[in-house]
Amino acid sequence: MSRIITLDDFIETYTKLNQRGLGFISSKFNFNEIKRAKTAFNHIDTKSANWWIIPKIKERWNLLITGDKNIGPEEFTINTFLKDKQNLKMLSLGSGSCTSELKFSMHSVFDEILCTDIAEKPLIEAEKISKKKNLNNIKFKIQDANNFSFPENYYDIVYFKASLHHFKNVESLLSKHINKTLKKDGILIIDEFVGPTRFQFPKEQIKSINEAIQLIPKKFRKRYKLNLYKNKIYGSGLIRMILADPSECIDSENILPSIHKHYKTVYEAGYGGNIIKMALKDLAHHFIELNEEKENVLNNLFHFENEYLKTHPSDFVFGIYKPNITSF
């Protein structure tokens, strides 16, 4: 059952007010959905306390995706699937800060990487980095991907890094536009949230997240920039989700079914997030620098999530796929 409004909506609004100011909150009352969505991403180095800032979390992702905590998805993809290729062309839709795309561009197998996004600030910053590093094979274009003109049979790789879950009508996008622009031997790569649409987590998952929160000592449950302690979550309400970013997880639960319907799986690895993402939201700043106690807390959370994943599909997936030509 969907949640219309919850206590978490008020806490999240108060948190964003403290982190990003009144101007950011007021921008969410713009009637233009594209402009509202853009405000969520058109920034550089916004301070937050989400799970991705924790180095040990990134090691966990690497371990679950590549089998080695020191090898990231980009290096793994190059060494395992692209090492004998050359003159590759990649399209990245919703590139944001282009962190992964810049890593890819450092490899000689790529002749052209095009990064697109509706938010100009992260792209401008990424372009500065590329020029500083003399990376001539990567380009940047401010572009609404929904209006992108896909050249036919042109790209060797289409890449989505934390962006595909912002597209509505995922199946149509993947089966028509992405298929059209990929070469016959091209590949689709995703590194994505594929969980419940609009973060409407089932009650069982909310219950497990709250159990995980209680594994965190109270002194590490003080929320970032707030004099509030995190004791439990209630889930996200639909009204705030749509106001904050109309594109957020708009069709996320259909990503994997659509891919599996129209593409052949080359490689697929879940890296969790079902429990840890929400349990550590607004608390991650406590775990950037670790001592023995903090490391034990994280290990306990990892174990708890691993047990949950034994009977539930992962909310985050890294995958590589080839078009199933016969399905089109």
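Above: the structure in question.
The numbers attached to residues start from 1 for each chain and follow its sequence in the written order. Since the coordinates come from a predicted model, pLDDT governs what is reported: local features require at least 70, and pairs of side-chain atoms require 80 or more to be given and counted, while whole-chain, interface and lining totals use all residues. As a rule here, side-chain values cover all heavy atoms of the structure and leave hydrogens and water aside.

Some remarks on the pairing of strand S5 (residues 182-193)
For clarity, the threshold we go by: For every residue, the accessible area obtained with a 1.4 Å probe (protein chains only) is divided by the maximum for its type, and the residue is called buried under 20%, exposed over 50%, and partly exposed between those limits. Strands here mean DSSP runs of E at least two residues long; helices mean DSSP runs of H or I at least four residues long; both are numbered from the N terminus. For crossovers, right-handed means that the path from the first strand over the helix to the second runs clockwise, given strands pointing away from the viewer. Whether two strands pair depends on DSSP finding at least two bridges between them.
Of all the twelve residues making up S5, nine are buried; the element is thus mostly covered by neighbouring parts of the structure. Viewed along the sheet, the connection from strand S4 (residues 155-161) through helix H8 (residues 170-181) into S5 turns out right-handed. Here S5 runs beside strand S7 (residues 316-323); their pairing, made up of six bridges, is antiparallel. Across the sheet, the residue bridging to Phe 193 is Phe 316, located in S7.

A closer look at the sheet that holds strand S2 (residues 110-117)
To be explicit about the condition: The axes are straight lines fitted to the C-alpha atoms, using for helices just the contacting stretch, and the angles between their N-to-C directions are given from 0 to 180°. Any two residues whose heavy atoms approach within 4.5 Å are treated as being in contact.
Strand order in this open sheet of seven strands is S3-S2-S1-S4-S5-S7-S6, and the pairing throughout is mixed. Every interior strand has two partners, whereas the edge strands, strand S3 (138-142) and strand S6 (263-270), have only one. Here the strands of the sheet are splayed against their neighbours by 15° on average, with no regard to which way each runs. As judged from the three bridges shared by strand S1 (residues 88-93) and S4, these two strands associate in the parallel manner. Directly across from Ser 92, in S4, lies its bridge partner Tyr 159. Docked against the sheet, helix H7 (residues 120-132) engages S2 and S3, running at close to 160° with respect to S3.

With respect to the nonpolar core
Condition: As used in this record, nonpolar core signifies buried Ala, Val, Leu, Ile, Met, Phe, Trp, Tyr and Cys residues forming a set joined through side-chain atoms within 4.5 Å.
Ranked by internal contacts, the top residues of the largest apolar core, which has 57 residues, are Ile 57, Phe 110, Phe 140, Ile 157, Ile 216, Leu 280 and Phe 287. The residues touching Leu 280, leaving out its near neighbours within four places in the chain, are Ala 49, Trp 51, Ile 54, Ile 57, Ile 216, Lys 230, Phe 287, Leu 298 and Leu 301. Grouped together as the second largest cluster of nonpolar side chains are 25 residues, Leu 91, Leu 182, Ile 259 and Tyr 321 included.

Side note on the environment of Tyr 159
Considering the arrangement of structural elements, one finds Tyr 159 in strand S4. In this structure Tyr 159 comes out as buried when scored by relative accessible area, which is 1%. In the structure, Tyr 159 is positioned 31 residues away from Ile 190 in sequence and 5.9 Å away in space, judged by C-alpha atoms. Filtering out sequence-adjacent residues up to four positions away, Tyr 159 remains in contact with Glu 74, Met 90, Leu 91, Ser 92, Leu 93, Ser 100, Glu 101, Phe 104 and Ile 189.

Some details on the pattern of salt bridges
Quick note on the threshold: We define a salt bridge as a contact between a side-chain nitrogen of Lys or Arg and a carboxyl oxygen of Asp or Glu at a distance within 4 Å.
Scanning the entire structure with this criterion turns up twelve salt bridges. The salt bridge partner of Arg 240 is Asp 9, with a shortest N-O separation of 2.8 Å. With a gap of 231 residues between them, Arg 240 in helix H10 (residues 238-244) and Asp 9 in helix H1 (residues 7-20) connect regions that are remote in the sequence. This pair shows no difference in class: Arg 240 is buried, exactly as Asp 9 is. One salt bridge connects Lys 261 with Glu 171, and the closest N-O pair in it is separated by 2.9 Å. On the criterion of sequence distance, the pair formed by Lys 261 in helix H11 (residues 255-262) and Glu 171 in helix H8 is long-range, its members being 90 residues apart.

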